[in-house]
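# Summary of structural features
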Amino acid sequence: FFYRPLLLCREYAAGSVGAPLAGRLGGYQHALPDVGHANSFLNVLMFENPQQYEPGSLSSKRRRELRIAEQEFVVRPIRDLNEFVSKAYSVYLDFYRRTGYEYKSERQDPEVFSRWAGEIFQHPKALVLGSFRQGNLSGICISQLVAGVLLYSTVFSNTESLRHHVTGLLLHKVREAAAGT
């Protein structure tokens, strides 16, 4: 019973969004051109002019974390659904148990996880990156290109990999991909 447009960075005039019935029963949220009419706020991490990204523009702390991560992990696209399902499920369970993340808790079921993965791999503009440490999958980032915007939509990793800054490395790789398009 809650609705948001897919592109949170796009502004819509107050009253111009036609939310589905479920959203009208519960609620909906979108960016407004005039914040004077807002009754809530959106926090988004957005990088404008992605083609200008370079690691040298990061803070010294982030550059150091990136160097550490690059020594520990190999990041590559995962294009095979079966590889994703067989390797990412245990990483997802570790993430879920660590965080207590309740959204889509049914994905703890291997069959539901597999169906969700199938939906991801049906989209030709989905970018699925996996980080591998000593040959084992340790982190996943799923991004989608929608109307010229690369959405950094899903990230999860196992607990051990967080200590080695895997999520920062995955964000870096997505930013590099965006800079190259």
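The preceding data block contains the structure.
All of the points below concern the structure found in this document. (Residues numbered from 1 in each chain as written. Predicted model: local features only at pLDDT ≥ 70, side-chain atom pairs only at ≥ 80, totals over all residues. Heavy atoms only, no water.)

This part takes up the pairing of strand β4 (residues 126-133). The two faces of the sheet receive side chains in turn, since in a regular strand these alternate between them. In terms of burial, β4 is a largely internal element, six of the eight residues being buried. Of the pairings in the sheet, the one linking strand β3 (residues 74-77) to β4 comprises four bridges and is antiparallel in character. In the sheet register, Val74 faces β4, and the bridge partner there is Phe132. Of the strand pairs in this sheet, β4 and strand β5 (residues 136-146) are connected by eight bridges, and their pairing is antiparallel. (Buried < 20%, exposed > 50% of the residue type's maximum accessible area, 1.4 Å probe, protein only. Helix = DSSP H or I, 4+ residues; strand = E, 2+ residues; numbered from the N terminus. Pairing = 2+ DSSP bridges.)

Within this structure, the stated rule accounts for twelve aromatic pairs. On the basis of an interplanar angle of 40° and a centroid distance of 6.1 Å, the ring pair of Phe95 and Phe156 is categorised as tilted. Remark: Phe156 occurs in strand β6 (residues 149-157) and Phe95 occurs in helix α3 (residues 81-99); sequence separation between them is 61 residues. Residue Phe95 shares its accessibility class with Phe156, and that shared class is buried. Here the aromatic residues Phe84, Tyr89, Tyr92, Phe95, Tyr96, Phe113, Trp116, Phe121 and Phe156 are joined through ring pairs into a cluster of three or more. (Phe/Tyr/Trp six-rings, centres within 6.5 Å; stacked < 30°, edge-to-face > 60°.)

Below, the discussion takes up the sheet that holds β4. The pairing of strands in a sheet comes from backbone hydrogen bonds and takes either a parallel or an antiparallel form. With antiparallel pairing, the four strands of this open sheet are ordered in space as β3-β4-β5-β6. Each edge of the open sheet is held by one strand with a lone partner, namely β3 and β6. Pairs of neighbouring strands in the sheet enclose a mean axial angle of 20°, with direction left out of account. Sheet topology places β5 next to β6; eight bridges connect them, and they run antiparallel. Paired with Ile142 across the strands is Thr154, a residue of β6. Each of β3, β4, β5 and β6 is contacted by α3, which is oriented at about 70° to β6, the strand it contacts most. Across the sheet, helix α4 (residues 110-121) lies against β4, β5 and β6, angled at about 120° from β4, the strand it touches most. (Axes fitted to C-alpha atoms, helices over the stretch in contact; angles between N-to-C directions. Contact = heavy atoms within 4.5 Å.)

Once that is clear, we can look at the side chain of Ser161. Within the secondary structure layout, Ser161 lies in helix α5 (residues 159-162). Of note is the side chain of Ser161, whose polar atom sits 2.6 Å from the side chain of Asn158. Setting aside anything within four residues of it in sequence, one finds Ser161 in contact with Phe73, Ser138 and Val166. (Polar contact = N/O pair within 3.5 Å; in protein donor to acceptor, adjacent residues only side chain to side chain.)

With that settled, the discussion passes to unusual backbone geometry. Positive phi values are uncommon outside glycine, yet Asn49 reaches one of about 50°. Secondary-structure assignment places Asn49 in the loop between β2 (27-28) and α2 (60-72). Positioned with a positive phi, Ala147 is a non-glycine residue whose angle comes to about 50°. Within the element layout of this structure, Ala147 appears in the loop between β5 and β6.

Right, let's talk about a positive patch on the surface for a bit. On the surface, a cluster of positive charge is contributed by Lys61, Arg63, Arg64 and Arg67. Its location among the elements puts Arg64 in helix α2. (Patch = residues over 30% accessible without salt bridge, like charges linked within 9 Å, V, L, I, M, F, W, Y side chains within 5 Å. Areas by Shrake-Rupley, 256 points an atom, 1.4 Å probe, with all protein chains shown as cover. Salt bridge = Lys/Arg side-chain N within 4 Å of Asp/Glu carboxyl O. Lys, Arg positive; Asp, Glu negative; His and termini not counted. Charge placed at Lys NZ, Arg CZ, Asp CG, Glu CD.)

This paragraph deals with the packing of α3 against α4. The interhelical angle for the contact between α3 and α4, taken along N-to-C directions, is 130°, at an axis separation of 10 Å. Classed by the angle they form, the pair α3 and α4 counts as oblique. As for the relative orientation of α3 and α4, their crossing is right-handed in sense. Here Leu81, Phe84, Val85, Ala88, Tyr89 and Tyr92 of α3 come into contact with α4, specifically with Pro110, Phe113, Ser114, Trp116, Ala117, Gly118 and Phe121. Along the lines of polarity and charge, the residues of the contact of α3 with α4 split into eleven nonpolar, two polar and no charged. (Parallel < 35°, antiparallel > 145°, perpendicular 65-115°, else oblique. Left-handed = near helix turned anticlockwise from the far one by under 90°. Nonpolar A, V, L, I, M, F, W, Y, C, P; charged D, E, K, R; others polar.)

Right, let's talk about the pattern of salt bridges for a bit. Throughout the structure, instances matching the rule amount to eight salt bridges. The closest approach of N and O atoms between Glu160 and Arg163, which form a salt bridge, is 2.4 Å. You can call Arg163 exposed: its relative accessible area is 54%. For Lys173, the salt bridge goes to Glu176, with nearest N and O atoms at 3.7 Å. Note that Lys173 and Glu176 are positioned in helix α6 (residues 166-179) at a spacing of three residues, about one turn of the helix. Residue class for Lys173 comes out partly exposed when judged on its relative accessible area of 25%. Taking relative accessible area as the criterion, Glu176 reaches 35% and is therefore assigned partly exposed. Taken together, the shared-partner salt bridges connect Glu72, Arg133, Glu160 and Arg163 into one network.

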